[in-house]
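Breakdown of the fold
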Amino acid sequence: MIKVINFCICVCIAISSSIFIYTFERGVMREKYHLKQLQFSSILAQKIHQQPINEFQSIKQTNIIPYPSKKILTQKHKQSNFQSATITDSDIVKWNGTITAHMRNGQLHSALQVFNSMPRRTTVSYNSMISGYLRNGKFDLARELFDKSPERDLFTWNVMLSGYIRNKNLTDARALFDRMPSRDVVSWNAMLSGYAQNGCVVEAREIFDQMPVKNSISWNGLLAAYVQNGRIEDARRLFESKIDWDVVSWNCLMGGFVRRKRLADARRLFDKIPGRDEVSWNTMITGYAQNGELDEARRLFEESPTQDVFTWTAMVSGFVQNGMLDEARCIFDKMPEKNSVSWNAMIAGYVQCKRMDMATELFDAMPFRNISSWNTMITGYAQSGDMACARNFFDRMPQRDSISWSAMIACYMQNGCNEEAVHLFVEMKRDGERWNRSSFTSALTACSNIAALELGRQLHGLLVKAGYETGCFVGNALLAMYCKCGSIDEAHDAFQEITHKDIISWNTMIYGYARHGFGKEALILFESMKTAGVEPDEATMVSVLSACGHTGLVEKGKEYFHLMNQQYGIRANSVHYTCMVDLLGRAGRLEEAQNLIRNMPFEPDASTWGALLGASRKHGNTGLGEKAAEMIFKMEPENSGMYVLLSNLYAALGRWPDVSKMRMKMRNEGVKKVPGYSWLEVRNKVHTFTVGDCFHPEKDKIYAFIEEVYLKMKREGYLSSTKIVLHDVEEEEKEHMLKYHSEKLAVAYGALSIPEGRPIRVIKNLRVCEDCHNAIKYISKIEGRLIILRDNNRFHHFKGGLCSCGDYW
């Protein structure tokens, strides 16, 4: 299987390459050149230009005019009669051979100089230039010369057709194919191969059916197209319509069955193959091994007439993929010969099981390492959270590829070092490595984590230039970035640009609307998703229930909750129940929420009780809140957030002794409150604030702004929510303590630093407090600014003194 895992793709590429080589050789054979072209080019240069050989050979370094000037053409025209009398067909053949030799060596300017100097050119002269340009990736020059060619033969048309196909320009390729004055089997196979390589199986079949003459390349091309694109039944029917297939074709279809996990069909084919080769045995052994049928894989392994390194490696990989590392290592140690694939398979097994000590030991023992070996180690340490070792391997690599860079960027991002991830992304380009989808995805995710919207927008521009913006993989990361950075309109635009939306695309957009408080838009999108034929999954229903909870759509949420299993076949899990408890609790239906917890088919977790505690605090139900807190403390005694919620509940009721008891309990249990902080991005730099921050370089301006805006707020009717202060002090002191919360400082700095007309986007690691929520509403009205605040629960869009949550949060 290791030899043939990419067989289908290779067949299509081989067809295209064989067409190109075949047509090229036909043109060359027509002129029957058999001289040593490079030696002749030097002699010919002396004859034409009367200059030393070394000058002609270094022609690439001189300032050559690509086409002769008008004066030179006039002079050549005057000499044409004399030259045509002295130039023979044999000379033209040698000239054409020289052009071909230069093109094969990448000396395009030298070939063009010879071509322009020829007093008489044949169709083969043009063909040599066109095919040479295509061979060297100069498609536009080839097309230009093709259009200028005075005469074209079948080779000219075929080689240009192959050029269009190699550049994945199927529309123009088909137009050229339809214009051809005559076609041979090479022309038809080229068009069939083009469609097959690009997944256009229907069009490939149409070409196949229209072919006046078919050869083995035609049949194998269509068979490979079916297998490659997962149309295994079409491949089987095509196979059964012909009897004289070679062993390569048998292996192709068998490999298709194996990839679809249809091992019984693959085995029936294997038993019928008239002459099995090593690929046949390896494909079947790998199929059994990869699908957990290791006894059958071992039996075939022992029956195999020849056991090469690929056969042994297939067995090692099979045991590795099934988590049987000891058995895999036993076979690995017995291998008479090992290649890099064998070593990498065994190392990857240890990495997958997080046995990095064994992986490192094996890596150090490798007699030969390739980039894949290094990348596997970097990925392993990254997944284990050991950034130091991952970076050590990355820095020691003798050579890196895009996978190496992407793995290291992902390592930083996954371990919370988001700024380092972005810096490495920039360094990747400086090092000359091309950004790929994986690196873009990690960098966009890093921007999401730190809410660096401006940087995310710059990455969006870069990935558009790279051509990745419409693919699901990176498109979903872009969509998530805009959602998490608070730009829901740009998120919607990114969603619309994804050409083939998958379930993740829909879920991300629905959840984005839900977190931003646009519950109705989320539900409309959910209905559009079903209309588009996309089946919802568990994550979809979490987003839908969250949307209902954030906007108070209680009855709609209950309806969706009961339809989950009946209509969509989704069994509610603890997250769905937590969403429902939160939905009912926010609406003040605490008894109903409590009954739902009692009737859960499994024990509620800390999150479910936390939702009930939050609702109890909001509605002042001390008894229910204490009960929920007691359950949480049993499950998560170090959950500081629950201590704070219960303390807030006591403080709101003026039960200061109970607040003190909670503080004492936290100290005794060694529980530390998570410090609150807020941050925002200004001119690609992230500014972080804590409560009463006195370290920011512009603190004086920030505090002066707060004092000024507070006077305006009070004139507008603002009153501090002093009941949330967890200290038994005077009201004036409570007001002072609330005034300098981190989110207020961040909003103040945004108002001072971000130009008018642009939103102020602030992120907080904890839930925004009631007083800050109220104050920011006033600030948005007084300053005439749109303020978008993301806390650890949802987004709030403040504008004109109102919030998008409708104070339902």
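Located above this text is the structure these notes cover.
All of the points below concern the structure found in this document.

Rules of the game
Residues numbered from 1 in each chain as written. Predicted model: local features only at pLDDT ≥ 70, side-chain atom pairs only at ≥ 80, totals over all residues. Heavy atoms only, no water. Helix = DSSP H or I, 4+ residues; strand = E, 2+ residues; numbered from the N terminus. Contact = heavy atoms within 4.5 Å. Pairing = 2+ DSSP bridges. Buried < 20%, exposed > 50% of the residue type's maximum accessible area, 1.4 Å probe, protein only. Phe/Tyr/Trp six-rings, centres within 6.5 Å; stacked < 30°, edge-to-face > 60°.

**Digging into the side chain of Asn251**
- Considering the arrangement of structural elements, one finds Asn251 in helix α15 (residues 247-259).
- With residues near it in sequence (within four places) discarded, Asn251 still touches Ile273, Asp277, Val279 and Ser280.

**What about the sheet that holds strand β5 (residues 795-799)?**
- Spatial ordering of the open sheet is given by β2-β1-β3-β4-β5-β6, a layout of six strands whose pairing is mixed. Both outer strands of the open sheet, β2 (685-690) and β6 (802-803), are each paired with one neighbouring strand and no more.
- Of the strand pairs in this sheet, strand β3 (residues 760-764) and strand β4 (residues 787-790) are connected by four bridges, and their pairing is parallel. Paired with Ile763 across the strands is Arg790, a residue of β4.

**Focus on the environment of Glu681**
- Inspection of the secondary structure puts Glu681 in strand β1 (residues 677-682).
- Separated by 79 residues in sequence, Glu681 and Ile760 place their C-alpha atoms 8.9 Å apart.
- If sequence neighbours within four positions are ignored, Glu681 has contacts with Ala451, Ala452, Leu453, Glu454, Leu455, Val686, Ile754 and Arg761.

**Some points on the pairing of β5**
- The element β5 is largely enclosed, with a buried count of four among its five residues.
- Direction of pairing for β4 relative to β5: antiparallel, over a ladder of four bridges. Counterpart to Arg790 in the pairing with β5 is Phe795.
- The turn linking β4 back onto β5 is made up of four residues.
- The pairing of β5 with β6 spans two bridges and is antiparallel. Note on β6: the bridge partner recorded for Lys799 is Leu802.
- Remark: two residues form the turn of the hairpin made by β5 and β6, two consecutive strands paired antiparallel; Gly800 in that turn has positive phi of roughly 60°.

**Digging into unusual backbone geometry**
- For Lys168, which is not glycine, the phi dihedral falls at a positive 60°.
- Here Lys168 shows up in the loop between α9 (154-166) and α10 (170-179).
- Backbone geometry at Lys354 places phi at a positive 60°, although glycine is not the residue there.
- Considering the arrangement of structural elements, one finds Lys354 in the loop between α21 (340-352) and α22 (356-365).

**Quick word on the packing of aromatic side chains**
- Summed over all chains, the structure comprises 29 aromatic pairs.
- Where Phe270 meets Trp281, the ring centres are 5.1 Å apart and the plane angle is 85°; that geometry is what we call edge-to-face. Remark: Trp281 occurs in helix α17 (residues 278-290) and Phe270 occurs in helix α16 (residues 263-272); sequence separation between them is eleven residues. As far as burial versus exposure is concerned, Phe270 and Trp281 are alike and both buried.

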